[in-house]
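# Report on the structure
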Amino acid sequence: RAKQMGRNTYQWFSEQLNTEASYRVKLRNELQDAIDNERLTLYYQPLIDSRTGKARAVEALVRWNHPERGLVSPGDFLPLAEETGQIIALGQWVLEQACRDMLRLHKAGFKDCTVAVNVSPMQVRKAGFIGAVSDALEASGLPPEALELEIVESAVLYDADQVIRTLHDLRDLGVGIAIDDFGTGFSSLSYIKLLPANKIKIDRSFIRDVIQDRSDAAITQGVISMAHHLSLDVVAEGVETDAQAAFLRRNQCDLLQGFLFARPMPLNLLEEYMHTRGGYASSAADDQDSPD
Ligand code: C2E
Ligand code: MG
Ligand code: MG
Ligand code: MG
């Protein structure tokens, strides 16, 4: 049902995008209004430690609470925000809100939890990004070690030297760097050794058929092995079945993220989740795990 809603929303937006310029202006203005008037909201999806079954981190995922369309997914408005440059203000809001929310979670007793924030390539390349990150940390009082930034490989396609320098400076602050959607970009593997990342997130397109497809299984095993040899943590995205989780545990994938464990949820539900089922124990998955 959610999928269907997403598609309708997408259609609605793309129709507007493809028709007259006046509609684009309308949409742009609506988005600006959303940024200015806090009609954006953050959902959080837990990342599960594959050994303990407990949530060790959460990823912040932005939503637009649209007066007529309801909750709109980032795929439906981030492309426009990138085009118009609004991604900078939007991204800054996300960063500040995520730090504030995570401090609240720390105060509720979950001090070891980190928050991952997606940042667009444009944001990272923008002068002053390091200052923006440290401002968000200072304003909230969140320790830098509790913040991780997720960047896609393509962020280094342009101005690679500058981006890599920026990421080094962020690591020096204590902030973590995760490479998002790993394997889907066209960047060379040599960037892996240049990027000061501490984590790799295997894109969910490899996880989807990891049980049935030998190539996906081999690629996933290979990426986990490579990451560990580079002393990086590995996350599998889009884990939806017990069989996938069992495969990933068997292959020492460090963190699991996906609808099997939890869907993205608002902060109040996340707090409840952390209190009640901060850990996930699937006996089925554990059973499948043991034969190896
Ligand atoms: P991502 O960073 O790869 O985030 C994971 C996406 O996969 C999320 O979609 C999440 O809801 C979805 N997902 C998680 N588990 C499963 C699963 O088991 N199955 C399936 N089918 N999907 C799953 P969402 O929230 O729609 O976000 C889409 C993308 O939008 C994100 O992909 C990220 O690239 C971008 N994004 C989201 N929030 C922000 C933000 O604040 N700033 C920026 N720059 N980008 C963002
Ligand atoms: Mg991400
Ligand atoms: Mg991802
Ligand atoms: Mg992805």
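These notes cover the structure that comes with them. As the structure is a prediction and not an experimental result, all values here were calculated from the model.

### Looking at the site of ligand 1
Around ligand 1 there are 22 residues in total, and Arg63, Asn118, Asp180, Glu240 and Phe259 lie nearest to it. Measuring from an oxygen atom of ligand 1, one finds a side-chain N or O atom of Arg63 at 2.8 Å. Glu237 places a side-chain nitrogen or oxygen 3.1 Å from an oxygen atom of ligand 1. About the coverage of ligand 1: the protein hides 82% of its 800 Å² of free accessible area. Contributions of two or more residues to the shell around ligand 1 are made by strand 2 (55-66) and strand 6 (176-182). No other element matches strand 2, which puts four residues into the shell around ligand 1.

### Quick notes on the coordination of the magnesium ion (ligand 2)
Donor atoms from the polypeptide that coordinate the magnesium ion (ligand 2) comprise Glu59 (OE), Asn118 (OD1), Glu150 (OE) and Asp180 (OD), at 2.0 to 2.2 Å from the metal. Separating the magnesium ion (ligand 2) and the magnesium ion (ligand 3) is a distance of 3.8 Å, and Asp180 donates to both of them. One end of the pair, Glu150, is in strand 5 (residues 147-152); the other, Asp180, is in strand 6, with 30 residues separating them in the sequence. Accessibility classification places Glu150 together with Asp180 in one group, the buried group.

### Topic: the side chain of Arg63
On the secondary structure map, Arg63 appears in strand 2. Nearest to the buried, unbridged Arg63 among oppositely charged side chains is Glu59, at 8.9 Å. Once residues within four sequence positions are removed from consideration, Arg63 is found in contact with Arg39, Leu40, Thr41, Tyr43, Leu71, Val72, Pro74, Phe77 and Pro264.

### Details of the pairing of strand 4 (residues 114-118)
Among the five residues of strand 4, four are classified as buried, and the element is accordingly described as predominantly covered. As paired strands, strand 2 and strand 4 are joined by four bridges and run parallel to one another. Among the inter-strand pairings, Ala60 is bridged to a residue of strand 4, identified as Val117. As defined by bridge partners, strand 4 adjoins strand 5 across four bridges and the pair is classed as parallel. When the sheet's bridge partners are listed, Asn118 is paired in strand 5 with Glu150.

What counts and how
Residues numbered from 1 in each chain as written. Chains lettered and ligands numbered in written order. Predicted model: local features only at pLDDT ≥ 70, side-chain atom pairs only at ≥ 80, totals over all residues. Heavy atoms only, no water. Near = heavy atom within 4 Å. Polar contact = N/O pair within 3.5 Å; in protein donor to acceptor, adjacent residues only side chain to side chain. Areas by Shrake-Rupley, 256 points an atom, 1.4 Å probe, with all protein chains shown as cover. Helix = DSSP H or I, 4+ residues; strand = E, 2+ residues; numbered from the N terminus. Donors = N, O, S within 2.8 Å, 3.2 Å for Na, K, Ca; no water. Buried < 20%, exposed > 50% of the residue type's maximum accessible area, 1.4 Å probe, protein only. Lys, Arg positive; Asp, Glu negative; His and termini not counted. Salt bridge = Lys/Arg side-chain N within 4 Å of Asp/Glu carboxyl O. Contact = heavy atoms within 4.5 Å. Pairing = 2+ DSSP bridges.

None of the figures reported here should be taken as evidence of function without further support.
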